[in-house]
Amino acid sequence: MDTPEIAMLDAPVPVLEPIKGVKKAPLEEYFTSGHRTCQGCESALVMKLMVKAAGPRTVVLGSTGCMYVANTTYYSTSWVVPWMHTQLGSSGSAAVGTAAAFRALMRKGKIKREPINVISFCGDGGGADMGLSAISGALQHMDYNHLILLYDNESYANTDIQASGSTPYGAVTTFSPSGKVKRILHKRWKKNVAAMLAAGHPECRYVGTVCASYAVDFMNRVRKALSIGGPTFIHSIDPCPKGWDYDPMLSHELGELAVLTGIWPLYDVENHKLRLYGKSRGIVEGRQKRLPVRDYLLKQGRFAHFTDDDIDYFQAKIDDMWTKWLIPGVLPFSTDLLNEKAPA
Ligand SMILES: Cc1ncc(C[n+]2csc(CCOP(=O)(O)OP(=O)(O)O)c2C)c(N)n1
Ligand code: SF4
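Residues numbered from 1 in each chain as written. Chains lettered and ligands numbered in written order. Predicted model: local features only at pLDDT ≥ 70, side-chain atom pairs only at ≥ 80, totals over all residues. Heavy atoms only, no water.

Another aspect to go through is the packing of aromatic side chains. Summed over all chains, the structure comprises 13 aromatic pairs. Residues F121 and Y151 carry aromatic rings whose centres are separated by 5.9 Å and whose planes lie at 70 degrees to one another, so their mutual orientation is edge-to-face. Here Y151 lies in strand 4 (residues 146–152) and F121 lies in strand 3 (residues 117–123), a separation of 30 residues in the sequence. The burial state of F121 is the same as that of Y151; both residues are buried. (Phe/Tyr/Trp six-rings, centres within 6.5 Å; stacked < 30°, edge-to-face > 60°. Helix = DSSP H or I, 4+ residues; strand = E, 2+ residues; numbered from the N terminus. Buried < 20%, exposed > 50% of the residue type's maximum accessible area, 1.4 Å probe, protein only.)

Below is the structure:
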């Protein structure tokens, strides 16, 4: 039994054992039919897996973006659990506020003292750009239990595919079309959000990257984050047929290719210990050969303007991530990167 003092201070965390194989995954759905996401939308799958892993005692908070707008068409919603919309840059503040409210209500005896998961999600525009400071603040409020999940479709998809800080080098967006004068308009390398947040928040006990193509791993990262307690963060890569311009049947394959080409390393930082997992672990340990980035890039219309030089440049950057960075694909500290040149 908790002492009254501890009961006053601590909001309880759930016991969520890892799911051992897809056949052991819970059958219940808490994100179900009724949404209007595009065919093949991986972000919709992310929502489904996220809340399936968390279970029924979960409150979901959603930052403005596709996963808000497409999931709450007038008079319908696909959320079975309680859900609330929050503003574009507010996933961090909403998470802390809701977790604090639950704690206060439990402390005052107004609701039963039981584990209630608080999950706040945001797109890359809302999370990697304008909401980053609120997420950083949330990861410093150690007293509250919540998970912030950044679903990264690599653009501001809901407002018709504008470039974000998370858009990959060279991708065509409405802000960065390919033209006759400049074939490549978007020359920034994608922000390294999960690593940035893990490295910059020494007390945060769990940060991870995930990909919904590896569904069991995905759900187990969500379960780990929710059951470890405190503020936690997960970053998922989400193939988006509309923004990436590909046939919707390729979504699953593109998720796998993002990992197998080494573009999207799967890792987590649990209690300050970094560990590559799944196929990414296979790559560092030499059991899995990295596939050429060409296999991934040329399946997507947003890279259709790439020449062989562009693909070679992209490949060289990924090779650097795996050979010269302090931690493969994660921490970009290397002086060699200063010597490279992008193709004109
Ligand atoms: C403060 C603010 N500025 C602009 C908008 C308009 N807006 C709505 S959704 C959106 C794009 C969100 O992009 P992202 O966070 O990447 O989510 P996605 O649409 O890709 O799911 C924008 C700019 C807004 N709702 N609030
Ligand atoms: S635009 Fe992309 S993220 Fe938005 S609903 Fe369509 S596939 Fe999903």
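What follows is about the sheet that holds strand 1 (residues 58–63). Strand pairing in a sheet relies on backbone hydrogen bonds, with the paired strands running either antiparallel or parallel. One open sheet holds the eight strands; their spatial order is 2-1-3-4-6-5-7-8, and the pairing between them is mixed. Pairing within the sheet leaves two strands with one partner each, and these edge strands are strand 2 (83–86) and strand 8 (273–276). Going from strand to strand, the sheet's axes swing by 20 degrees on average, the running direction of each strand aside. (Pairing = 2+ DSSP bridges. Axes fitted to C-alpha atoms, helices over the stretch in contact; angles between N-to-C directions.)

Next up on the list: the site of ligand 1. Near ligand 1, the surroundings consist of 17 residues, among which G125, G126, Y151, A157 and N158 are the closest. Q87 has a polar side-chain atom sitting 3.3 Å from a nitrogen atom of ligand 1. Measuring from an oxygen atom of ligand 1, one finds a backbone N or O atom of G125 at 2.7 Å. Examining the composition of the shell around ligand 1, we find that four residues originate from one element, helix 5 (residues 124–130), more than from any other. Tallied by class, the residues present in the shell around ligand 1 amount to six nonpolar, ten polar and one charged. (Near = heavy atom within 4 Å. Polar contact = N/O pair within 3.5 Å; in protein donor to acceptor, adjacent residues only side chain to side chain. Nonpolar A, V, L, I, M, F, W, Y, C, P; charged D, E, K, R; others polar.)

This part is about the site of ligand 2. Within the structure, ligand 2 sits among T37, C38, C41, C66, N153, A157, C240, P241 and K242. In terms of residue class, the shell around ligand 2 is built from six nonpolar, two polar and one charged.

Looking now at the pairing of strand 6 (residues 231–237). The element strand 6 is largely enclosed, with a buried count of seven among its seven residues. Burial along strand 6 is two-sided: P231, F233, H235 and I237 facing one way and T232, I234 and S236 facing the other are all buried. In this structure, strand 4 lies alongside strand 6, joined through seven bridges in parallel fashion. Considered in strand 6, the bridge of Y151 is made with S236. Two strands pair when backbone bridges link them, and strand 5 (residues 206–211) and strand 6 are joined in this way by six bridges, in the parallel orientation. Of the residues in strand 6, the one forming a bridge with V210 is S236. A crossover links strand 5 with its parallel partner strand 6, the connecting element being helix 8 (residues 215–228), and its sense is right-handed. (Right-handed = clockwise from strand over helix to strand, strands pointing away.)

Before going further, it helps to spend a moment on the state of the cysteines. Formally, a disulfide is one covalent bond, and it connects the sulfur atom of one cysteine to the sulfur atom of another. Counted by the stated rule, this structure contains zero disulfides. Not engaged in a disulfide, the cysteine C122 finds its nearest cysteine sulfur in C66; these two sulfurs lie 13 Å apart. The class for C122 is buried, based on a relative accessible area of 0%. (Disulfide = S-S within 2.5 Å.)

We now examine the pattern of salt bridges. According to the stated counting rule, one finds 19 salt bridges in the structure shown. One salt bridge in this structure joins R221 and D217, with 3.4 Å as the shortest N-O distance. Of this pair, R221 and D217 both sit in helix 8, four residues apart, roughly one helical turn. Accessibility expressed as a relative area gives 9% for R221, which makes it buried. (Salt bridge = Lys/Arg side-chain N within 4 Å of Asp/Glu carboxyl O.)

Most of strand 4 is tucked away, with seven of its seven residues classed as buried. Burial of strand 4 is two-sided: the residues H146, I148, L150 and D152 facing one way and the residues L147, L149 and Y151 facing the other way are all buried.

What follows covers helix 10 (residues 251–260). Burial of helix 10 is extensive: seven of the ten residues sit out of reach of the surface. Buried within helix 10 we find S251, L254, G255, L257, A258, V259 and L260. Against the buried residues of helix 10 lie helix 2 (42–54), strand 5, helix 9 (241–244), helix 11 (278–284) and helix 12 (294–297). Of the residues flanking the end of helix 10, it is G262, one or two places downstream, whose phi is positive at about 85 degrees. (Contact = heavy atoms within 4.5 Å.)

Summarising the element assignment, A199 is placed in helix 7 (residues 193–200). Its relative accessible area of 58% is what places A199 among the exposed residues. When the C-alpha positions of A199 and L331 are compared, they lie 9.1 Å apart, and in sequence the two are 132 residues distant.

Spatial relationships are all this shows, so hold off on functional conclusions.
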